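Read off the chains here:
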Amino acid sequence: LEGATLGRLLKKRGALPIKEALHYVLQTCVAVAECHAVGIVHRDLKPENIMVLGEPGPGAMVKVLDFGVSKSDWLEQAARLRLTGTADVLGTPTHMSPEQVRSSKSVDARTDIWALGVVLYESLTGIPPFMADNLPALCAAIVSDEPRPPRELRPELPRGLEAVILHCLDKHPDGRPFSVRS
């Protein structure tokens, strides 16, 4: 594919213009909704797995990459394979939902909604909502700390957009949107 990952764009440019960030994340939502419609949970949505094709900007298309740790009940049942051990971590820690931190096997589509909230937060502020010096501290922050409101980092963000991001980052899956389409 010709282009750059959203991760590469963020490293190069920092926080993106609001319209551009929304353009990429909304396209990602469409792709993720299609995956969820057929029972696939990606489990590793992050800027490095979102490819911006061609020149970055409002006309660019995105593709969601790397379904290597995705979860699909129908595929797992059909294959009858045990692909991971009980202690395996599946996902990128900075983008993992609280329930994924606890158990990668017990996640559903709402863990991808969390990750989309993290991607949108990071695209608009230049940093993920949870960071720490080591993995245990990061996991503890994800499970128990509230994210810093994105408007504290970028005051010009509309309040409604901040509300959507924080809704996606609700600690409890039932507090998040039930689907990407909602």
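The structure we're discussing is the one just above.
Residues numbered from 1 in each chain as written. Predicted model: local features only at pLDDT ≥ 70, side-chain atom pairs only at ≥ 80, totals over all residues. Heavy atoms only, no water.

**Q** Residue-level account of the pattern of salt bridges, with values.
**A** In total, this model carries seven salt bridges according to the counting rule given. For E20, the salt bridge identified is with R13, shortest N-O distance 2.7 Å. Using a relative accessible area of 38% as the deciding quantity, one classes R13 as partly exposed. In this structure, D44 and K46 form a salt bridge, with 3.7 Å as the shortest nitrogen-oxygen distance. A relative accessible area of 16% places K46 in the buried class. (Salt bridge = Lys/Arg side-chain N within 4 Å of Asp/Glu carboxyl O. Buried < 20%, exposed > 50% of the residue type's maximum accessible area, 1.4 Å probe, protein only.)

**Q** Outline the sheet that holds strand β4 (residues 61–64), listing residues and values.
**A** Judged by pairing direction, the sheet is antiparallel, and its three strands sit side by side in the order β1-β3-β4 without closing on themselves. Two strands in the sheet have a free side with no partner beyond their single neighbour: β1 (3–5) and β4. When strand polarity is set aside, the average angle formed by the axes of neighbouring strands in this sheet is 25°. Here β1 runs beside strand β3 (residues 50–53); their pairing, made up of three bridges, is antiparallel. Bridge assignment links A4 to a residue of β3, and that residue is V52. Against the sheet, helix α1 (residues 6–13) contacts β1 and β3, and its axis sits at roughly 85° relative to β1. (Pairing = 2+ DSSP bridges. Helix = DSSP H or I, 4+ residues; strand = E, 2+ residues; numbered from the N terminus. Axes fitted to C-alpha atoms, helices over the stretch in contact; angles between N-to-C directions. Contact = heavy atoms within 4.5 Å.)

**Q** Which residues make up the packing of helix α5 (residues 109–125) against helix α8 (residues 159–168), and what are the values?
**A** Contact geometry of α5 with α8 gives a least axis separation of 7 Å together with a crossing angle of 140°. The orientation of α5 with respect to α8, classified from their angle, is oblique. Regarding α5 and α8, the two cross each other, and that crossing is left-handed. In contact with I113, W114, G117, L120, Y121 and L124 of α5, α8 contributes L161, I165 and C168. Split by residue class, the contact of α5 with α8 holds eight nonpolar, one polar and no charged. (Parallel < 35°, antiparallel > 145°, perpendicular 65-115°, else oblique. Left-handed = near helix turned anticlockwise from the far one by under 90°. Nonpolar A, V, L, I, M, F, W, Y, C, P; charged D, E, K, R; others polar.)

**Q** Describe the packing of aromatic side chains, with residues and values.
**A** Evaluation of the coordinates by the stated rule reveals one aromatic pair. Here W114 and F130 contribute two aromatic rings whose centre-to-centre distance is 5.9 Å and whose plane-to-plane angle is 10°, an arrangement assigned as stacked. With W114 in helix α5 and F130 in the loop between α5 and α6 (135–144), this residue pair connects regions lying 16 residues apart in the sequence. Residue classification places W114 among the buried residues on the basis of a relative accessible area of 0%. (Phe/Tyr/Trp six-rings, centres within 6.5 Å; stacked < 30°, edge-to-face > 60°.)

Everything listed here is a matter of geometry and, on its own, says nothing about what the molecule does.
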